[in-house]
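Fold and geometry: a report
These are the residues of each chain, in order.
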Amino acid sequence: MTAYLPRIAVVGRPNVGKSTLFNRLAGKPLAIVDDRPGVTRDRREARGRLGDMELLLIDTAGYDDGEKAGLDAEMRTQTEIALKDADLCLFLIDARTGVTPLDQSFADVIRRSGKPVVLVANKCEGRFGESGLMDAYGLGLGEPVPLSAAHGGGIGDLYDAVETGLGSMARDAKRYRDDSEDPPLRIAVIGRPNAGKSTLINALIGEERLITGPEAGITRDAISIDWMWDGRRVRLHDTAGLRKRGKVNDRLERMSAADTLRAVKFAEVVLLIVDAGHPLEKQDLHLADMAYKEGRAVAIAVSKMDLVHQRDAFIKDIRTEFERLLPQMTGAPILPISALKKKGLETIMPALSRLHTDWDAKVKTRDLNDWLHEMIERHPPPSINGRRVKPRYITQTKGRPPTFVMMCSRASELPESYKRYLVNGLREAFDLPGVPIRLIVKAGKNPYADGERGGSAPVRAGAPARASVPRIRQKPKGAPGSVKKAGKPGKAAGPRKPS
């Protein structure tokens, strides 16, 4: 990296528009936005841009100075950590509501931190925010910047204020270039609510980065966390727990589910967390199949194994049941872990790394066709209406996941059972356990198809051109005549009588 990337924390009390401004600067709807306060809980980081400055944005939970314990206290702690790590704070207030006692309390916290701050009066569109904008001067944090995060008004003034607040770091933000060659390994951690996803990620990275608790549904946004493992860049995506679609009635939960599905779509490897107390429920199988159909490599982590007594027999039963219910995912790694006791964690990343290598595997065309001939000799395709289906050759067109194209006569008539036979053979012969394999069967183009429809047949290179002569269909001998004769039907045509 040729320059430092400044960290900008967006802070303020609940429901002042922090996530809306975060999404606008990030250029995409990453954070969930809703009219209800307290939607954001964990702090979320993303790359963003303000004019020609590249920034690292940190979205935070609404700050509450009440003497509360549990979830509210952890949210407040996450906001304080973001404030400590930031190079500049964007302190948002609601201009329509005006300055509240909670705004004044949080302004004292920011002053004690000694961090550079830009005071932003959000929701200034129209005339209703004028009084709140004037009240903002009383916080003693400098001149407030009037802004409308929802509509984009005042972004130019915000740029000037941020450039002044960053000082010399603004030059680094303008010339920042990401020179890292290797992209990170993207891993999405999914599962049912309260399966232990956030606890597992905290145990892996060795810090309390995510809010955890006994309550179900604490995580709402899909939080991405950059991490280094064995000298390799890894990006972990913590996601909200997914319930059955029929049980989801709340709009906020539907947005959380959509955010989880988006994280799976952009991941490379999916780690499905299964609760050992209720293993392989219908929702677990649905999530595994959903990730598989999306083309992602899937590993199964059985959490809370500290509550299981006969571990070996338990895992053996789960493996047998999993391969029976989802035979298309035969060979997927099943990892027994206990995030709370930090047991079995050392097996996760090596298994995911191997899975990612297989997911990106390339197979030589010669090896593929040798394998195909052997598979056909062992078990030829069935005849359809007395005519054989002849596979001709196969090649790999792309990886991630491995995708193969097989040319075959009468491709549309090849049974699905034979395609599954070939896919299972690919997985076994080339050591691709648990990796989704896509097999596309195509029919070769018939070079004489146009000639059969009355067109010209292909001409060999160098052969003399022949005049195009229309083909006359010859009438078979003894066939009924097709030429109309003079005279009435049923009578022979004879010479006309003179009049």
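Residues numbered from 1 in each chain as written. Predicted model: local features only at pLDDT ≥ 70, side-chain atom pairs only at ≥ 80, totals over all residues. Heavy atoms only, no water.

Section: the confidence of the model for the protein
Any region with low pLDDT has predicted coordinates that should not be read closely. Averaged over the protein, the pLDDT score is 87; the fraction of residues at 70 or greater is 87%. Every residue in residues 451-476 scores below 50 in pLDDT, and together they form seven contacts with partners more than four places removed in sequence or on other chains. The low-confidence segment residues 479-494, where pLDDT is below 50, has three contacts with residues more than four positions distant or belonging to other chains. (pLDDT = per-residue confidence, 0-100. Contact = heavy atoms within 4.5 Å.)

Some remarks on the pairing of strand β14 (residues 403-408)
Most of β14 sits out of view: six of its six residues are buried. Relative to β14, strand β13 (residues 391-398) is paired through six bridges, and the arrangement is antiparallel. Looking at the pairing, Tyr-393 lines up with Met-407 of β14. Pairing geometry for β14 and strand β15 (residues 438-442), over five bridges, is parallel. Considered in β15, the bridge of Val-405 is made with Ile-440. (Buried < 20%, exposed > 50% of the residue type's maximum accessible area, 1.4 Å probe, protein only. Helix = DSSP H or I, 4+ residues; strand = E, 2+ residues; numbered from the N terminus. Pairing = 2+ DSSP bridges.)

Topic: unusual backbone geometry
Note the cis peptide between Arg-400 and Pro-401, where omega equals 0°. Along the chain, Pro-401 falls in the loop between β13 and β14. For Asn-385, which is not glycine, the phi torsion reads 55° and is therefore positive. With respect to the secondary-structure elements, Asn-385 resides in the loop between α12 (365-378) and β13. A residue is classified by how much of its surface remains accessible, and Asn-385, at 75% relative accessible area, is exposed. Positioned with a positive phi, Arg-400 is a non-glycine residue whose angle comes to about 55°. Of note, Arg-400 is situated in the loop between β13 and β14.

Considerations on the sheet that holds strand β6 (residues 145-146)
Strands sit in the order β2-β3-β1-β4-β5-β6 across an open sheet of six strands; the sheet is mixed. Of all the strands in the sheet, just β2 (44-50) and β6 have a single pairing partner and so form its edges. In terms of strand pairing, β2 meets strand β3 (residues 53-59) through seven bridges, oriented antiparallel. Paired with Leu-50 across the two strands is Met-53, which belongs to β3.

Notes on the pairing of β3
In terms of burial, β3 is a largely internal element, seven of the seven residues being buried. Neither face of β3 is left uncovered, since the one carrying Met-53, Leu-55, Leu-57 and Asp-59 and the one carrying Glu-54, Leu-56 and Ile-58 both have all their residues buried. As consecutive antiparallel partners, β2 and β3 are separated by two residues, and within that stretch Gly-51 has a phi angle of approximately 65°, a positive value.

Observations regarding helix α1 (residues 18-26)
Burial analysis of α1 places seven of its nine residues in the buried class, which makes it a mostly covered element. Looking at α1, one finds that the buried residues are Lys-18, Ser-19, Leu-21, Phe-22, Asn-23, Leu-25 and Ala-26. Elements that come into contact with the buried residues of α1 comprise β1 (7-12), β2, β3, β4 (88-94) and α5 (155-166). Looking one or two residues beyond α1, the residue adopting positive phi is Gly-27, at roughly 85°.

Here's the deal with the sheet that holds β15
What the three strands build is an open sheet, ordered β13-β14-β15; its pairing is mixed. The strands lining the two open edges of the sheet, one partner per strand, are β13 and β15. For this sheet, the mean inter-axis angle between neighbouring strands, taken without regard to orientation, is 25°. Packed on one face of the sheet, α12 meets β13 and β14 and runs near 140° to β13. Along the sheet, helix α13 (residues 416-429) contacts β14 and β15; its crossing angle with β15, the most-contacted strand, is approximately 135°. (Axes fitted to C-alpha atoms, helices over the stretch in contact; angles between N-to-C directions.)

Examining the packing of α12 against α13
Two numbers describe how α12 lies on α13: the axes approach to 11 Å, and their chain directions differ by 130°. Classified by the interaxial angle, the pair formed by α12 and α13 is oblique. By crossing handedness, the relation of α12 to α13 is classed as right-handed. From α12, Leu-368, Trp-371, Leu-372, Met-375, Ile-376 and Arg-378 reach across to α13, where they touch Tyr-418, Tyr-421, Leu-422, Gly-425, Leu-426 and Ala-429. Looking at the contact of α12 with α13, its residues break down into ten nonpolar, one polar and one charged. (Parallel < 35°, antiparallel > 145°, perpendicular 65-115°, else oblique. Left-handed = near helix turned anticlockwise from the far one by under 90°. Nonpolar A, V, L, I, M, F, W, Y, C, P; charged D, E, K, R; others polar.)

Here we look at the packing of aromatic side chains
A complete count under the given rule lists four aromatic pairs for this structure. Ring centres of Phe-91 and Phe-106 lie 5.4 Å apart, and the angle between their planes is 90°; on these two criteria the pair is classed as edge-to-face. Residue Phe-91 is located in strand β4, and its partner Phe-106 is located in helix α3 (residues 101-113); the two are separated by 15 residues in the primary sequence. Here a set of aromatic residues connected by ring pairs shows up, and it is made of Tyr-63, Phe-91 and Phe-106. (Phe/Tyr/Trp six-rings, centres within 6.5 Å; stacked < 30°, edge-to-face > 60°.)

Notes on the environment of Cys-89
Topologically, Cys-89 is positioned in strand β4. Considering only alpha carbons, one finds Cys-89 and Ile-58, 31 residues apart in sequence, at a separation of 9.5 Å. Setting aside anything within four residues of it in sequence, one finds Cys-89 in contact with Ala-9, Val-11, Leu-83, Lys-115, Pro-116, Val-117 and Val-118.

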